[in-house]
Amino acid sequence: MSSPVDTFIEYAEKNQEAYIDRLRKAVAIPSVSGDPAYRKEVFRMGEFLIDELKALGASVETRDPGVQDFHGTPLPLPPIVLATIGTDPAKKTVLVYGHYDVQPALKEDGWNTDPFELVEDEKHRLIGRGSSDDKGPVLGWINVVEAHKELGLELPVNLKFCLEGMEESGSEGLDDIIFNEADKYFKDVDVVSISDNYWLGTTKPCVTYGLRGVSYFHLTVKGPKADLHSGVFGATIHEPMTDLFAVMSKLVTPKGKILIPGIYDNVLAVSAEEEKTYDDLSFTMQELHDAVGNEINIHDSVKDTLQHRWRFPSLSLHGVEGAFYNPGDKTVIPARVVGKFSIRTVPDMEPKQITELVEKYVNEEFAKLGSKNTMSISCTHAGNHWVASPNHWNYVAASNAVEKVFGVKPDLTREGGSIPVTLSFQDALKKNVLLLPMGRGDDGAHSTNEKLDRSNYVSGIKLLGTYLYEVAEAKPE
Ligand SMILES: NCC(=O)N[C@@H](Cc1c[nH]cn1)C(=O)O
Ligand SMILES: [Zn+2]
Ligand SMILES: [Zn+2]
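The name given to the protein in an unreviewed UniProt entry is Peptidase M20 dimerisation domain-containing protein, with the source organism recorded as Phycomyces blakesleeanus.

Caption draft 1: A look at the overall build of the protein. Counting its secondary structure elements, the protein contains 14 helices and 20 strands. Against the 2.2 N^0.38 benchmark of 23 Å for 477 residues, the protein shows a C-alpha radius of gyration of 23 Å, consistent with a compact globule. Taking the principal axes of its C-alpha atoms as reference, the protein extends roughly 85 × 50 × 50 Å. Within the protein, buried positions represent 44% of all 477 residues. Counting contacts in the protein only where the partners sit at least 6 residues apart, residues at least 24 apart contribute 81% of the total.

Caption draft 2: Region of interest: the sheet that holds strand S20 (residues 451–453). Taken in spatial order, the three strands of this open sheet run S6-S7-S20, and their pairing is antiparallel. Two strands in the sheet have a free side with no partner beyond their single neighbour: strand S6 (119–120) and S20. In the sheet, strand S7 (residues 125–127) pairs with S20 via three bridges, with the strands oriented antiparallel. The residue of S20 that forms the bridge with leucine 126 is leucine 452. Its contacts with the sheet put helix H14 (residues 454–473) on S6, S7 and S20, and the angle it makes with S20 is roughly 65°.

Caption draft 3: Quick look at the domain arrangement of the protein. Under the domain assignment, the protein is made up of domain 1 (4–212 + 386–473) and domain 2 (213–267 + 312–383). Here the C-alpha centre of domain 2 lies 34 Å away from the C-alpha centre of domain 1. Across the boundary between the two partners, domain 1 contributes six residues, which contact eight residues of domain 2. Broken down by class, the residue content of the side of domain 1 that touches domain 2 amounts to two nonpolar, three polar and one charged.

Caption draft 4: Expanded view of the nonpolar core. Judged by nonpolar contacts, the single largest core of 86 residues is most densely connected at Phe161, Val192, Ala398, Leu434 and Tyr467. The element best represented in this core is H14, accounting for nine residues. Setting aside residues up to four positions removed in sequence, leucine 434 forms contacts with Val191, Val192, Ser193, Val207, Asn394, Tyr395 and Ala398.

Caption draft 5: Structural detail: the UniProt feature "domain: Peptidase M20 dimerisation" (unreviewed entry) in the protein. Within the UniProt annotation, "domain: Peptidase M20 dimerisation" (unreviewed entry) is assigned to residues 209–367. The span residues 209–367 carries 33% helix and 22% strand; its end-to-end C-alpha distance comes to 42 Å.

Reading guide: rules and limits
Residues numbered from 1 in each chain as written. Chains lettered and ligands numbered in written order. Predicted model: local features only at pLDDT ≥ 70, side-chain atom pairs only at ≥ 80, totals over all residues. Helix = DSSP H or I, 4+ residues; strand = E, 2+ residues; numbered from the N terminus. Rg over C-alpha atoms; globule rule 2.2 N^0.38 Å. Buried ≥ 20, exposed ≤ 12 C-beta atoms within 10 Å, placed from the backbone. Contact = placed C-beta atoms within 7 Å. Pairing = 2+ DSSP bridges. Axes fitted to C-alpha atoms, helices over the stretch in contact; angles between N-to-C directions. Domains from an automatic or database assignment. Nonpolar A, V, L, I, M, F, W, Y, C, P; charged D, E, K, R; others polar. Core = buried A, V, L, I, M, F, W, Y, C linked by C-beta atoms within 7 Å. UniProt positions renumbered as here; feature names shortened; annotations may be inferred.

Here it is in structure tokens:
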């Protein structure tokens, strides 16, 4: 007779079409948290998950994170969905976190298909916004619960869910809820597991123990009372966009060096011990080129590339609100422009200090222009970096599960992206937090044509379920 975990794995393999259907329904809800026009869709996505969880017998509660001040307009924040499956004191309790919002996506950004219609291509890639980040993984957990219900199998652990709808926009309101609920809803949690990142490359699974933080800035330059004709006013007034570009061009060099004085002062040096952790990782420059779609690498070695992704800060310029960007040749001088950039931060950089350094530098650079326009800078959201102990039994459980499902030992990785709530869980609950990714490094999260390979989705479901069995078996030190 098969063991429960083998029975589950077999069932997951056979039920892939139903899992893809569930993902199709989720992708069809354009739950873009960053655009107020889609806020009701984020709520609809929350309802979708509540219904799915209730149908599986979960006891579901919600918490209201309050109201967002969106440039002066109050916008309700989508609910934090808390769901409990099992309260057996003899079992361990695993808290699963995920997010049900997505990054914006427009067909005209360069998508080959409608971003909110899940399409499977000839390479069995499931293409659609949120397929990998983070709807596929969130549904992965739900599929694990469903498989156990259908098979009449008890889950080997108690499961708690914490699902939010604002992760892509700074997780507003979630921290307060986590700290308030630490000794209430989250009281019995033994370990936390998050599937919201990616394998390093395309072939080998990994478990992840570190993330960079992120501090996001808006740099606003204002001048005329309205947009102006460049033929009439060009070279006769200070142009906001010219000022903005002058300041933004002083933030970072084309080779990625941040020019803000003091920014590298608190970056921890890479120890000799740590250097060695880069030696056996399954990642090649070719995989980087494939994921990017071109050979535009700054660094020539895998080690340098990964250290700049995981261990050193970076500054990226994201866009300019108020700029003319449509096709055509409009001869306009935009009246108000907002340049957006973010800094990915690493141990021991501090968000408060980063903001002070940025404000000081940007103000000095603007003053040098001698412009009569006005400039303001604000940090719109900041989340800290996070590093966990990869020797904890939670990581051993995850590693064993990877070996069982994939037949290989996972790479131990850090990640360049940010999930600030990871640190909040670690600090508030004082429990180990694990990142257990489902998708591949070339999934194109946040990009056009985001995908999740069918095989990653299905093996990912098997992995999440198997991990729960390994947690149940683990002997905490
Ligand atoms: N999958 C995690 C992720 O994509 N996180 C975002 C978080 C973020 C921060 N500000 C806006 N989004 C990331 O960009 O790393
Ligand atoms: Zn995500
Ligand atoms: Zn994301």
